[in-house]
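Tertiary structure, described
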Amino acid sequence: MRRMHFLLLALSASVVHGQSLPFYDDFNDGDYNGWEVIDDVEPQFGPSDWRVEGGTLVQRSNIWSYAPVELETKYHLGTHVATGDKNWADYAMNALVRSTDNDGVGLIFRYQDERNYYRILLMNDPAWSGRDSSGVAVNTPLQRLQKFVDGEPVILAENKVSQAYPPGFFALTADVRGDTLRAYLNGALILSALDDTYHSGRIGLLSYANTGAYYDSVSVTTEAVVYSEPEDRGFSYAVREFRAPYIQNPTQTSMEIAWRTLEPSVGRVLYGVEKGVLDNEAAETGVVQKHHVLLDGLQVNTRYFYEVYSGSARTAAEENFRTAPRHDQKRFSFLVLGDSGVDTPTQWRVGAQMRHSMNDREADFVVHVGDVHQGAGDYYDDIYFKPYREIIKNVNVFTSLGNHDVITDNGGVYLDDFYLPRNNADSTERYYSFRWANAYFIALDTNGNFAPGSPQHDFLLEALTDSLRKTATWTFVYAHHPPYTEYWTNYYGDSRVQNHLVPIYEEYDVDMVMNGHTHSYERGEKEHVHYLVSGGGGGALDDFFIDYDHITFSDMVHHFTRIDVDDDELQVTAIDEYGQQVDRFVINKFSALEIEESPLPIHFQIEQNYPNPFADTTTIRYHIAQPERVTLEVYDLLGQRITTLVDRHHLPGVYVVTFNAARLASGTYAYQLSTDSFTADKQFTIVR
């Protein structure tokens, strides 16, 4: 039995004669005999799966009622178990509860039958919270006290909250005295109502669409006993199988190596700068299954070779990694991946193409824009550590939390698996920043609170004014939820991101925002901020829904994205699961594109730049007569491409590009405008 405190409320209540109380079940006998299993009407993805594991009652089936969403979210039914005496009248029902999903858990009391009872329902998933008592969409986690009368739900009291229940085990109490109904969470009153529909009845435990609903230490007393927060709320995620070594949290002078073993041992890492000469060692101090070793005092931008040992046994063959580069380095590459999938052939093909791209041209790291885990459980081995084994043994994946990643214990498994920077005020790995070469990266958690005044909002503003950011050429922000997206029926993008983050991106001149969530590839530019959706890592693809003017290219395709940084130029390439190029575009940091308000042109034309000759900055004007993809590129006189100023789809109009050529040497250069139906070029001269 887990230890707990309890409170004895000073409520005036007489003991009802004939009650067979107190009642207590901690499931330590290994069964739940005496509990009746009832799967609710029209079960979906059933049947239920109630079982006792380690002295705790668990329901593991993702079962809910009614196929139409409007009915599912009206009733929030799935399965429940019931026990006790129908004559129990005034009592306090307590239980320790834990949910590794983010859907419904709760208590049932004064239970008459499966169509008539009171219940406390807690829901952490805002997307499936349905409507409130006034018929308005909830769109937040909810805590609800309600009754069912002949199968129809009636809301007696409810709270719209940021978190309906905490991670780990928590205490939940239903106290019923006459017509007074009260609900407590960790000893604090959260809901109350007056209702005299049912005067007595049995008790029950519920699970709605929840693959990990845990119940323990269930008690019923005539006294008003209320469990407070359990003393032991910690939960250790089991090591299910061997996990090969993976790189984590690289800096200029350190690297972390993590792996897991079924048998506890002392982990050691041998390493050195020459292949086969591993003359340095870092080791753990204790015997563990979850191994995590820090290699410190390393040299900047240096390749190291390493081997991992568990005790005296070598765990994996020699591999290598490279430390982070100097901040004045101007060339590097990284990959972008999102919404990885659930161990499908598609996911493995995308992973193989990522490895192939890295073999062709080295990439420094990977950015994962969320939903590392596409399922509802904690099995990251099958859906992450195995498919990307050949990548993560050499380079780090800088991950961000997706909505699927927070299903289990509000991201508990994710935080247990990954070792990320902790450079925010709360020292959390949920959001962070880092500098790499001439670029600054900010990772956000768009599942959490990022409204003005929140710690994450403050962190973002501080990061954007940090000295490391001010001296960087490029600024990237990545998170799971996109502000805009053309794919996914009835989804327009995240309104919270639009309201709270987009204005900051624009005000502080963020160069690129990278997101997932939508299973598609999309890119566009709005108010000088480039938006990239790269959510086609393996999950089922979404359908086209709406056309946004500023999104210039989108496609329903499984893919990853490669970004190559060359000083003040980005080359962005999307590659599908078979290695074919989906899209390619170039961003030049020191060119700006505007469209003039003028009559629409009837011919394609490129004008002579002005001024010409010039020292640093010049303007190029061109006319587009019909919708086409347009490129504007600069070449030297030997025909070598110097930079791409424009690479995007244009509507008819007159466009003006301002080009800063400060980094080019004096001399004569050519610039060429190309569309599918027109090509023309001119020359300009730089004099200094």
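Residues numbered from 1 in each chain as written. Predicted model: local features only at pLDDT ≥ 70, side-chain atom pairs only at ≥ 80, totals over all residues. Heavy atoms only, no water.

**With respect to the sheet that holds strand 35 (residues 529-534)**
An order of 30-31-32-33-35-34-36 is seen for the seven strands of this open sheet, with the pairing classed as mixed. Every interior strand has two partners, whereas the edge strands, strand 30 (432-436) and strand 36 (551-555), have only one. For this sheet, the mean angle separating the axes of adjacent strands, direction not counted, is 15 degrees. Of the pairings in the sheet, the one linking strand 33 (residues 512-515) to strand 35 comprises four bridges and is parallel in character. Looking at strand 35, one finds that Met512 is bridged to His530. Taken strand by strand, helix 6 (residues 455-464) contacts strand 30, strand 31 (439-443) and strand 32 (474-478), and its axis lies near 180 degrees from that of strand 31. (Pairing = 2+ DSSP bridges. Helix = DSSP H or I, 4+ residues; strand = E, 2+ residues; numbered from the N terminus. Axes fitted to C-alpha atoms, helices over the stretch in contact; angles between N-to-C directions. Contact = heavy atoms within 4.5 Å.)

**Description of the sheet that holds strand 22 (residues 267-272)**
Strand order in the open sheet formed by four strands is 23-22-25-26, with antiparallel pairing between adjacent strands. Pairing within the sheet leaves two strands with one partner each, and these edge strands are strand 23 (280-283) and strand 26 (313-322). Strand after strand, the sheet turns through a mean of 20 degrees between neighbouring axes, direction not considered. With six bridges joining them, strand 22 and strand 25 (residues 303-310) adopt antiparallel strand pairing. The residue of strand 25 that forms the bridge with Val269 is Val308.

**Comments concerning the confidence of the model for the protein**
Detailed reading of the predicted model is not advised wherever pLDDT is low. In this model, the protein carries a mean pLDDT of 93, and residues with pLDDT of at least 70 account for 96%. Counting contacts from residues 1-5, a segment whose pLDDT is below 50, to residues more than four positions away or on other chains yields 20 contacts. Of the regions scoring below 50 in pLDDT, residues 8-18 engages in 14 contacts with residues more than four places distant in sequence or in other chains. (pLDDT = per-residue confidence, 0-100.)

**Brief notes about helix 6**
All buried positions along helix 6 are accounted for by Gln456, His457, Phe459, Leu460, Ala463 and Leu464. Seen end-on, helix 6 carries its buried residues on one side only, within an arc spanning 160 degrees. Those residues of helix 6 hidden inside the fold are in contact with strand 30, strand 31, helix 7 (467-470), strand 32, helix 8 (495-500) and helix 9 (502-507). (Buried < 20%, exposed > 50% of the residue type's maximum accessible area, 1.4 Å probe, protein only. Arc of directions from axis to C-beta.)

**Examining the nonpolar core**
Counting 60 residues, the largest nonpolar core has Phe334, Phe441, Tyr478, Met512, Met514 and Ile563 as its most contacted members. It is strand 27 (residues 331-337) that provides the largest number of residues to this core, a total of five residues. In this structure, Leu21, Trp50, Ala95 and Leu107 belong to the second largest nonpolar core, which totals 40 residues. (Core = buried A, V, L, I, M, F, W, Y, C linked by side-chain atoms within 4.5 Å.)

**Quick look at the pairing of strand 37 (residues 559-566)**
Counting buried positions along strand 37 gives seven out of eight residues, so the element sits mostly inside the fold. Of the strand pairs in this sheet, strand 27 and strand 37 are connected by six bridges, and their pairing is antiparallel. Among the inter-strand pairings, Arg331 is bridged to a residue of strand 37, identified as Asp566. With eight bridges connecting them, strand 37 and strand 38 (residues 569-576) associate as antiparallel partners. Across the sheet, the residue bridging to Arg562 is Thr573, located in strand 38. Taken together, strand 37 and the strand that follows it, strand 38, pair antiparallel across an intervening segment of two residues, in which Asp567 is found at a positive phi of about 60 degrees.

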